[in-house]
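Remarks on the overall topology
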2 protein chains.
Amino acid sequence: MATLKDIADAAGVSIGTVDRILHNRGRFSAATAEKVRRLVDEMDYTPNIHARGLKKTGRRSFAAVIPDIEQDAGYWRLVSAGIERASRELASFCEPVVTFSYDQFSTESCLSAIAAAAGSGADGLMIAPVMPPEGIEQLRKMDIPFMFIDTDVPGLEKRLAFIGQDSFQSGILSGRLMKMLTADSTEEKSGPILILEPEAANSHLQSRADGFVHFLSNNKPELEFEYLQVQTDTEKDFHQSLETFFSRKKRLPRGIFALNSSVYFLASYLDPAGQRFRDIPIIGYDLIEGREYYIENETINFILTQQPEEQAYRGIMLLYDTLVLNRTVGRDITVPLNIITKENLHTFTAGNKENNQEFVYE
Amino acid sequence: MATLKDIADAAGVSIGTVDRILHNRGRFSAATAEKVRRLVDEMDYTPNIHARGLKKTGRRSFAAVIPDIEQDAGYWRLVSAGIERASRELASFCEPVVTFSYDQFSTESCLSAIAAAAGSGADGLMIAPVMPPEGIEQLRKMDIPFMFIDTDVPGLEKRLAFIGQDSFQSGILSGRLMKMLTADSTEEKSGPILILEPEAANSHLQSRADGFVHFLSNNKPELEFEYLQVQTDTEKDFHQSLETFFSRKKRLPRGIFALNSSVYFLASYLDPAGQRFRDIPIIGYDLIEGREYYIENETINFILTQQPEEQAYRGIMLLYDTLVLNRTVGRDITVPLNIITKENLHTFTAGNKENNQEFVYE
DNA sequence: ACCTTTTGCGTTATCGTTAACGCAATTCTA
DNA sequence: TAGAATTGCGTTAACGATAACGCAAAAGGT
């Protein structure tokens, strides 16, 4: 590998000059610059990441802004785990990542968390914004760079990237799976497809629902849909919402689509009820630790997920790559939409063990 | 973050001593050792990965042993791409990874490729072994560490890890999907499930078939199975095999399961034929660049994949982590079994853009 | 013509870890 | 007990990139 010194020798100048040229910090002649840049190209020079990282050790710090860890049935706990993992891995060369959490049902809370994070001295922010348009102005005024996970806010100058999923498309995918699950027309099942809408659903969840309905109305027009607003604050509230609903209904739904991880609350309601709800196809979102049981016993047929742990991990790593190592990062990563069912469940949960890396000395 | 110097100061010794103790390379007293180790624990010392990497720059080299890049309809090309990506990323601190390829239908060829790789001066090997039991002895005698991808050979002293999928389980998953795809019993479809077996199928592919049949005979006992041996050397040979088969048959198969990426050859045979083969559910393996068309137009209903590019990338990185950075790595990573269908296809292919990272200078 | 900037470049200390080297003090050997 | 070997430790030069600093020579200003 060519080093700065190799380039310098080849160009007949010192490493200081080469460095100044590559970083464009003045004090060099156009002629030398041209020669150096040509040599950098020819000799295929790539900065040594370790040398760069070493020099910049311990000077940067990042902060994350996400909803409260208890909200969304544990979804944000996974995000938090990803942040933790990245933080540990970067421990040698960054301050620990500080997380600012907020109440996802309050725009004000979100904005003040962002303000707090921005004022914390961090060099970069990872934000999961549940952000109505009015909030944008505050972001526009911020002077530190940030990236978004989960939900995007495009068109901001300091925005580095977005890592998230295509919500509408994920709804479409759910629709496809639901079509398959309801293909069995031997039994007489005529109920509607039930869509469980968390209260205060964000545009995200709305897109999922839209994609779902869009696919099915095009591909299985005979289906009817019914929306049910549910309380997702606690498991008990959620069960209450369902109890009310099912006690009024004579017809069982033909299938149920839960827009987020509240699908596990649904499962914990239906599963103990036994025979009555057996065979209702259920599709929902997110793999929550400790809730795998309901996938294993097929109460839940399909879970879709964007691997939030991984997503958050990569968000922090992106900040590091961009701000510390000065890599340019391809913007707007669309994360894979994973389909999880009983048979591949364990390949998504067991894999986490791989990260139990420890340093050894020799 | 605590550094070696912090530990040394706290212990009242020099960094040289601390280093010798942590690396266990003699010349220290038991008392000092105990004190230092206690302090390392207390002060939560973690070696700075960049400093370590910098010091060890450019000394290690790795080699990969995989089947010929043209075999398996492009599968190994993906593996190769993953190796390349890792190699690029490690360029600052390792020699470029050298790949030794072999003919997957010849054990001898495989063993001699391994021998060549082992003799190439590499410090570690990543091997994709298509390896009958007799070959194992040669591996046992090797004196450099190695890891396996794709297929495992357990019980060897120098074996560092295995990264691959659970083949049987992936067959089970295929079975589940096939059950769903054949749930629609309105039309009279009574043909058997056709399983396409590549000639010289390894134990890997056999397990997939076994899992598939296992699931379906338990969960849909009325299904019949029919195995068809196919030539997978070239697309033309493959089409020939199919032509012979279909010209003899009056009944169309109820579904087709291809054990590997030859599913695309199947698709290129069936798709132009138009109406006749429409609506036969097809499940196969691996996402091959340039062949996505057949998933998009739903000739192929489901593709399963273990993301071979990612798998190979992580294999090389594992060698680096283990042998250069002295991290211990959790053994035997089971990679996620991804289910790909028209609706999430693009999230698996577009994601590669994210890796177009380039260095910038300031 | 003299003084001040600016330009163009080289030199150097630094980041934390590694491992070779050196040097006493102690222990062992003949 | 002299000489050799071993033990316990400190010192130091890398690894490559970065950026502060210094210093000539050239350009600009009066």
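Since we're looking at a predicted model, the values are computed, not measured.

Below, the discussion takes up the overall build of chain A. Check the secondary structure of chain A and you find 14 helices and 14 strands. With the C-alpha coordinates of chain A rotated into their principal frame, the extents come out at 85 × 45 × 40 Å. The buried share of chain A, reckoned over its 362 residues, is 56%. For chain A, the share of sequence-separated contacts (at least 6 apart) that also reach a separation of at least 24 residues comes to 68%. Put simply, chain A has 38 plus and 51 minus side-chain charges, and the middle of one group is 5 Å from the middle of the other.

A few words on the packing of helix 10 (residues 235-248) of chain A against helix 11 (residues 263-273) of chain A. Residue and element names in this part refer to chain A. Put simply, helix 10 and helix 11 touch, their axes get as near as 9 Å, and they point 60° apart. It follows from the interaxial angle that helix 10 and helix 11 lie oblique. Once helix 10 is placed against helix 11, the crossing between them reads as right-handed. Listed contacts from helix 11 to E235, F238, H239, L242, E243 and F246 of helix 10 are F265, L266, S268, Y269 and L270. Per-class residue counts for the contact of helix 10 with helix 11 are 7 nonpolar, 2 polar and 2 charged.

Take the protein's contact with DNA strand D next. In the vicinity of DNA strand D, 26 residues are found, and the nearest of them are Y45(A), R52(A), S14(B), R20(B) and R27(B). Backbone sugar and phosphate groups make up 51% of those atoms of DNA strand D lying within 4 Å of the protein. Within the side chain of T32(B), a nitrogen or oxygen atom sits 2.8 Å from a phosphate oxygen of DNA strand D. No other element matches the 4 residues that helix 2 (residues 15-22) of chain B contributes to the surface near DNA strand D.

We now examine the nonpolar core. If you look at the biggest cluster of nonpolar residues, it comprises 64 residues, and the most contacted ones within it are I83(A), M126(A), I83(B) and M126(B). When residues no more than four places from it in sequence are discounted, the contact partners of M126(B) are A63(B), A64(B), V65(B), I83(B), M147(B), I149(B), A312(B), G315(B), I316(B) and L319(B). Within the second largest apolar cluster, 46 residues are counted, among which are M180(A), L177(B), A209(B) and L223(B).

Here we take up the packing of helix 1 (residues 4-11) of chain B against helix 2 of chain B. Residues and elements named next belong to chain B. One way to put it is that helix 1 packs onto helix 2 with a least axis distance of 8 Å and a crossing angle of 105°. Relative to helix 2, the element helix 1 lies roughly perpendicular. Contact with helix 1, carried on its side by L4, K5, I7 and A8, involves I15, V18, D19 and L22 of helix 2 and no other residues of that element. Tallied by class, residues from the contact of helix 1 with helix 2 come to 6 nonpolar, no polar and 2 charged.

This next bit is on helix 2 of chain B. Residues and elements named next belong to chain B. Every buried residue of helix 2 is listed here: T17, V18, D19, I21 and L22. If you follow the buried residues of helix 2, they end up packed against helix 1 and helix 3 (30-42). N24 lies just past helix 2 and shows a positive phi near 55°.

All right, on to the protein's contact with DNA strand C then. Surrounding DNA strand C, one finds 26 residues, the nearest of these being S14(A), K55(A), L4(B), Y45(B) and R52(B). Near the protein, meaning within 4 Å, the atoms of DNA strand C are sugar or phosphate in a fraction of 53%, with bases accounting for the rest. Between DNA strand C and R25(B) there is a distance of 3.0 Å, counted from a base nitrogen to a side-chain nitrogen or oxygen. Every element with two or more residues in the surface near DNA strand C is listed here: helix 2 (15-22) and helix 4 (49-55) of chain A together with helix 2 and helix 4 (49-55) of chain B. For the surface near DNA strand C, the per-class residue count stands at 9 nonpolar, 9 polar and 8 charged.

Below, the discussion takes up the environment of S101(B). Residues and elements named next belong to chain B. Structurally, S101 can be placed in strand 2 (residues 98-102). The partly exposed category is assigned to S101, whose relative accessible area is 43%. Separated by 155 residues in the primary sequence, S101 and I256 place their C-alpha atoms 31 Å from one another. In contact with S101, not counting residues within four places along its chain, are I66, P67, D68 and A113.

Moving on to the sheet that holds strand 12 (residues 333-334) of chain B. Residues and elements named next belong to chain B. With parallel pairing, the 6 strands of this open sheet are ordered in space as 2-1-3-4-5-12. Among the strands making up the open sheet, the edge pair consists of strand 2 and strand 12. Contacts from helix 6 (residues 107-118) reach strand 1 (62-67), strand 2 and strand 3 (124-127) within the one sheet, and its direction differs from that of strand 2 by about 160°.

To continue, consider the packing of aromatic side chains. Applying the stated criterion across every chain yields a total of 18 aromatic pairs over all chains. With a centroid separation of 5.6 Å and 65° between ring planes, the pair formed by F238(B) and F265(B) is classed as edge-to-face. Of the two residues, F238(B) sits in helix 10 (residues 235-248) while F265(B) sits in helix 11 (residues 263-273), which places them 27 residues apart along the sequence. The residues F238(B) and F265(B) share a single accessibility class, namely buried. Three or more aromatic residues joined by ring pairs form one cluster here, namely F212(A), F225(A), F257(A) and Y285(A). Positioned over the ring face of Y313(B) is R85(B), at 3.9 Å from the centre of the ring.

Right, let's talk about the pairing of strand 1 of chain B for a bit. All names here are of chain B. Counting buried residues in strand 1 gives 6 out of 6 residues, a clear majority hidden from the surface. Pairing analysis gives 4 bridges linking strand 1 to strand 3, with the strands arranged parallel. Considered in strand 3, the bridge of V65 is made with I127. Examined bridge by bridge, strand 1 and strand 2 share 5 bridges and lie parallel to one another.

Turning our attention to the domain arrangement of chain A. Taken as a whole, chain A is organised into domain 1 (4-46), domain 2 (62-165 + 308-336) and domain 3 (167-305). When each unit is reduced to the centre of its C-alpha atoms, the spacing between domain 1 of chain A and domain 3 of chain A is 61 Å.

A word on the pattern of salt bridges. If you walk through the whole model with that rule in mind, you get 26 salt bridges over all chains. Put simply, D19(B) and R25(B) hold a salt bridge, and the shortest N to O gap is 2.3 Å. Within this structure, R176(A), E298(B), K342(B) and E343(B) form a network of salt bridges that share partners.

In this section: the sheet that holds strand 8 (residues 255-258) of chain A. All names here are of chain A. A sheet is described by the order of its strands in space; here 6 strands give the open sequence 7-6-8-9-10-13, paired in mixed fashion. The sheet is open, and its two edges are formed by strand 7 (225-230) and strand 13 (338-340), each paired on a single side. Across the sheet, the mean angle separating the axes of adjacent strands is 20° when strand polarity is ignored. The pairing of strand 6 (residues 193-198) with strand 8 spans 4 bridges and is classified as parallel. Residue pairing for strand 8: L194 is matched across the bridge by I256. Here helix 10 sits on the sheet and contacts strand 6, strand 7 and strand 8; the angle it forms with strand 7, its principal contact strand, is near 140°. Contacting strand 6, strand 8, strand 9 (282-285) and strand 10 (302-305), helix 11 crosses the sheet at an angle of about 145° to strand 9.

UniProt records the feature "domain: HTH lacI-type" (unreviewed entry) for residues 2-56 of chain A in the present numbering. Measuring from the first to the last C-alpha atom of residues 2-56 of chain A gives 21 Å, for a span that is 65% helix and 0% strand.

Averaged over every residue, the pLDDT of chain A is 86; residues scoring 70 or more account for 92%. A low-confidence stretch, residues 352-362 of chain A stays under pLDDT 50, and its non-local contacts, those more than four residues away or across chains, total 29 contacts.

Definitions and limits used
Residues numbered from 1 in each chain as written. Chains lettered and ligands numbered in written order. Predicted model: local features only at pLDDT ≥ 70, side-chain atom pairs only at ≥ 80, totals over all residues. Heavy atoms only, no water. Helix = DSSP H or I, 4+ residues; strand = E, 2+ residues; numbered from the N terminus. Buried < 20%, exposed > 50% of the residue type's maximum accessible area, 1.4 Å probe, protein only. Contact = heavy atoms within 4.5 Å. Lys, Arg positive; Asp, Glu negative; His and termini not counted. Charge placed at Lys NZ, Arg CZ, Asp CG, Glu CD. Axes fitted to C-alpha atoms, helices over the stretch in contact; angles between N-to-C directions. Parallel < 35°, antiparallel > 145°, perpendicular 65-115°, else oblique. Left-handed = near helix turned anticlockwise from the far one by under 90°. Nonpolar A, V, L, I, M, F, W, Y, C, P; charged D, E, K, R; others polar. Near = heavy atom within 4 Å. Polar contact = N/O pair within 3.5 Å; in protein donor to acceptor, adjacent residues only side chain to side chain. Core = buried A, V, L, I, M, F, W, Y, C linked by side-chain atoms within 4.5 Å. Pairing = 2+ DSSP bridges. Phe/Tyr/Trp six-rings, centres within 6.5 Å; stacked < 30°, edge-to-face > 60°. Lys NZ or Arg CZ within 6 Å of the ring centre and 35° of its normal. Domains from an automatic or database assignment. Salt bridge = Lys/Arg side-chain N within 4 Å of Asp/Glu carboxyl O. UniProt positions renumbered as here; feature names shortened; annotations may be inferred. pLDDT = per-residue confidence, 0-100.

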